[in-house]
Amino acid sequence: MIAVSNEEYCPEIPVKLTGLAIKYFLLAVGEGNPYWFYKCFKKIKPSTSYNNVRRYFYFLKKLGLIEPVRKEPSKHGMPKTYYRIVPGMEDDPRWFAPQAELYPETRLGAKRYVPKYGRYKGEEKVE
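**Q** I tried to follow the nonpolar core on my own but got confused; where do I start?
**A** Burial of nonpolar side chains together is a common tendency in soluble globular proteins. Counting residues in each nonpolar core, the largest one holds 25 residues, and the members touching the most others are Ile22, Phe25, Phe37 and Trp95. Elements with a minimum of two residues in this core: α1 (18–29), α2 (34–41), α3 (50–63) and β2 (80–85). For Trp95, the residues in contact, after removing those within four places along its chain, are Gly19, Leu20, Ile22, Lys23, Leu60, Leu65, Ile66, Ile85, Met89 and Glu90.

**Q** Please clarify how the side chain of Asn52 should be interpreted in this entry.
**A** Tracing the backbone through its elements, the reader meets Asn52 in helix α3. You can call Asn52 buried: its relative accessible area is 17%. Within the structure, Asn52 has its side chain in polar contact with the side chain of Arg55 (distance 2.8 Å).

**Q** For this particular structure, what's the right way to read the packing of α1 against α3?
**A** A pair of packed helices is characterised by two quantities: the angle between their axes and the separation of those axes. Where α1 contacts α3, the two axes come as close as 10 Å, and the packing angle between them is 75 degrees. Considering the angle they form, α1 stands roughly perpendicular to α3. For the pair α1 and α3, the contacting residues are Thr18, Gly19 and Ile22 in the first and Asn52, Tyr56, Phe57 and Leu60 in the second. Of the residues in the contact of α1 with α3, the class split is 4 nonpolar, 3 polar and no charged.

Reading the values: the criteria
Residues numbered from 1 in each chain as written. Predicted model: local features only at pLDDT ≥ 70, side-chain atom pairs only at ≥ 80, totals over all residues. Heavy atoms only, no water. Core = buried A, V, L, I, M, F, W, Y, C linked by side-chain atoms within 4.5 Å. Buried < 20%, exposed > 50% of the residue type's maximum accessible area, 1.4 Å probe, protein only. Helix = DSSP H or I, 4+ residues; strand = E, 2+ residues; numbered from the N terminus. Contact = heavy atoms within 4.5 Å. Polar contact = N/O pair within 3.5 Å; in protein donor to acceptor, adjacent residues only side chain to side chain. Axes fitted to C-alpha atoms, helices over the stretch in contact; angles between N-to-C directions. Parallel < 35°, antiparallel > 145°, perpendicular 65-115°, else oblique. Nonpolar A, V, L, I, M, F, W, Y, C, P; charged D, E, K, R; others polar.

Below is the structure:
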């Protein structure tokens, strides 16, 4: 993989699932940062937010699918971290739903979990 340094370049991203989109993006550019991906992905999925993109990069890093390769200074004080796909992880099924892999209860959706009672709807309360 060869890193593309021109952040104006947006590769073709054929999916709207954020995890898979990050995979296709990193495969195309080699090394990329969350903001660069966000600018490209916003053209495909306008409702996405930068915070959501940052969360997905965090999930993928925690799962070991991507790794940081370098940091560069930025205008805003915080350095830009560039990531790449960990070799051999391109075909891992966790790209489809990285958040659900880390937090399985998210598969149920917000309406099925009752945090106030610490249980799922329909589940008996254990004392």
